[in-house]
Amino acid sequence: MVLGILKRRRRRQIAARPFPGAWEQVLRTEFPRYGKLTSDDQEELRNLIKIFLAEKQFEGAAGLKITDDMRVVIAAQACMLLLHRETDIYPGLYSIVVYPRDYIVNASQRDPDGVVREMTQIRRGETAARGAVVLTWDAARKGASDIHDCRNVVFHEFAHQLDAQDGSFDGTPILRDRSTYIAWARVLGEEFHALRDRVQKHQPTDLDPYGATNPAEFFAVVTECFFQNPGQLRERHPELYDELRGFYRQDPQTPPSCVGNGLGRRCARLFCAESPLRRQLGFLDSISATNTQGGGIHVIHPGRPWGAQGVQDIQAVGPATSGLRCRG
Ligand SMILES: [Zn+2]
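Reading the values: rules and limits
Residues numbered from 1 in each chain as written. Predicted model: local features only at pLDDT ≥ 70, side-chain atom pairs only at ≥ 80, totals over all residues. Helix = DSSP H or I, 4+ residues; strand = E, 2+ residues; numbered from the N terminus. Buried ≥ 20, exposed ≤ 12 C-beta atoms within 10 Å, placed from the backbone. Core = buried A, V, L, I, M, F, W, Y, C linked by C-beta atoms within 7 Å. Domains from an automatic or database assignment. Contact = placed C-beta atoms within 7 Å. Axes fitted to C-alpha atoms, helices over the stretch in contact; angles between N-to-C directions. Parallel < 35°, antiparallel > 145°, perpendicular 65-115°, else oblique. Left-handed = near helix turned anticlockwise from the far one by under 90°. Nonpolar A, V, L, I, M, F, W, Y, C, P; charged D, E, K, R; others polar. pLDDT = per-residue confidence, 0-100. Pairing = 2+ DSSP bridges. Right-handed = clockwise from strand over helix to strand, strands pointing away.

A. Local environment of the overall build of the protein chain. Along its length, the protein chain carries 12 helices and nine strands. The proportion of buried residues among the 328 residues of the protein chain is 34%.

B. How the structure looks around helix H6 (residues 153-163). Counting buried positions over the 11 residues of H6 gives 11, a clear majority of the element. Listed as buried for H6 are Val 153, Val 154, Phe 155, His 156, Glu 157, Phe 158, Ala 159, His 160, Gln 161, Leu 162 and Asp 163.

C. Expanded view of the nonpolar core. Judged by nonpolar contacts, the single largest core of 62 residues is most densely connected at Ala 76, Cys 79 and Leu 135. Taken domain by domain, the makeup of this core includes at least three residues from each of domain 1 (5-166) and domain 2 (178-248). Apart from the residues within four sequence positions on either side, Cys 79 is in contact with Leu 45, Leu 48, Ile 49 and Phe 52.

D. Spatial organisation of the packing of helix H4 (residues 68-80) against helix H5 (residues 137-145). H5 packs onto H4 with a crossing angle of 60° between their chain directions and a minimal axis gap of 10 Å. Here H4 is positioned oblique relative to H5, judged by the angle of their axes. At the point where H4 passes H5, the crossing takes the left-handed sense. Facing H4, whose interface residues are Met 70, Val 73, Ile 74 and Gln 77, H5 presents Trp 137, Ala 140, Arg 141, Gly 143 and Ala 144. Classifying every residue of the contact of H4 with H5 by side-chain character gives six nonpolar, two polar and one charged.

E. The arrangement of unusual backbone geometry in detail. Non-glycine residue Ala 62 carries a positive phi angle of around 55°. One non-glycine residue, His 84, lies in the positive phi region at around 70°. On the basis of neighbour count, His 84 is assigned to the exposed category, with 11 C-beta atoms found within 10 Å.

F. Structural view of the confidence of the model for the protein chain. This prediction gives the protein chain a mean pLDDT of 79; 76% of its residues lie at or above 70. pLDDT under 50 marks residues 256-328. Its contacts with residues more than four places away, or in other chains, come to 97 contacts.

G. Here's a closer look at the pairing of strand E1 (residues 57-60). Here four bridges tie E1 to strand E2 (residues 95-99), and the two strands are oriented parallel to one another. The residue bridging Glu 59 from the neighbouring strand is Val 97, located in E2. One crossover worth recording links E1 to the parallel E2 by way of H4, and it is left-handed.

H. Quick look at the environment of Pro 20. Tracing the backbone shows Pro 20 in the loop between helix H1 (5-16) and helix H2 (21-30). The sequence separation of Pro 20 and Arg 46 amounts to 26 residues, and the corresponding C-alpha distance is 9.8 Å.

Shown next as structure tokens:
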């Protein structure tokens, strides 16, 4: 990535400014994903947010008054898509228009069967061009706080922004090299056509049927699922998950505390954020990973090294452990 010297200098100055305490509080209360990041990733996200908010304009629509809370919640989600990636910060995007809630537009839309229909649509977001994104605050806020469904309007619309950086909305963002383009086209192409087939046959789908509209919508829809419900996507569409993991340089299914602690895939495989164990034992919110050693189930507490002192045999806390089953 080549950035101008002045742009880089300006961004370094912005990143060096302190992150306001009120913004940090907003992240912790409105964006639970933030609390699950490593401290390094939190710092990277905070810096991206500062630059994003310094460079992009927010406009309220239908009488909405934009607040700092809104700006931070939206920026945090937009910048999650940039974490770990050596990329510019949505170049060409200048304005984020925010409606208070769903809005109505007259539009034409091509169905998966190719028929163009004129209709009145209720929308919660759109990307009409690279220069502007339209969102609703209701949906942006819900997407930030509800991290267990496949709906996130900010991820969706900013995936379109990434897609458009090469000049076309076609479901293929700028990728690393030729072999990556080939793999991307094969995997996402097969998945898109499989979804379209099911939609055309009126069969149930685990991905949002809206993704069958065209490859651009498919990429936006699976981006939502990748970050919002990674376990389901990895389990049901492992090749698709791997392509997205390679592009986004993140593995949302793997708890950050597992990365680099020596457990590797074993730790990732055994961790299960939605396991019966986690649901039954409230204190497990403080637990970062599970593992089996010596026939017992153990828990690693965040911040402690993997070893005798960092591991606690949780069989001692009750029969809930017998319900532990992790997917994937
Ligand atoms: Zn879309």
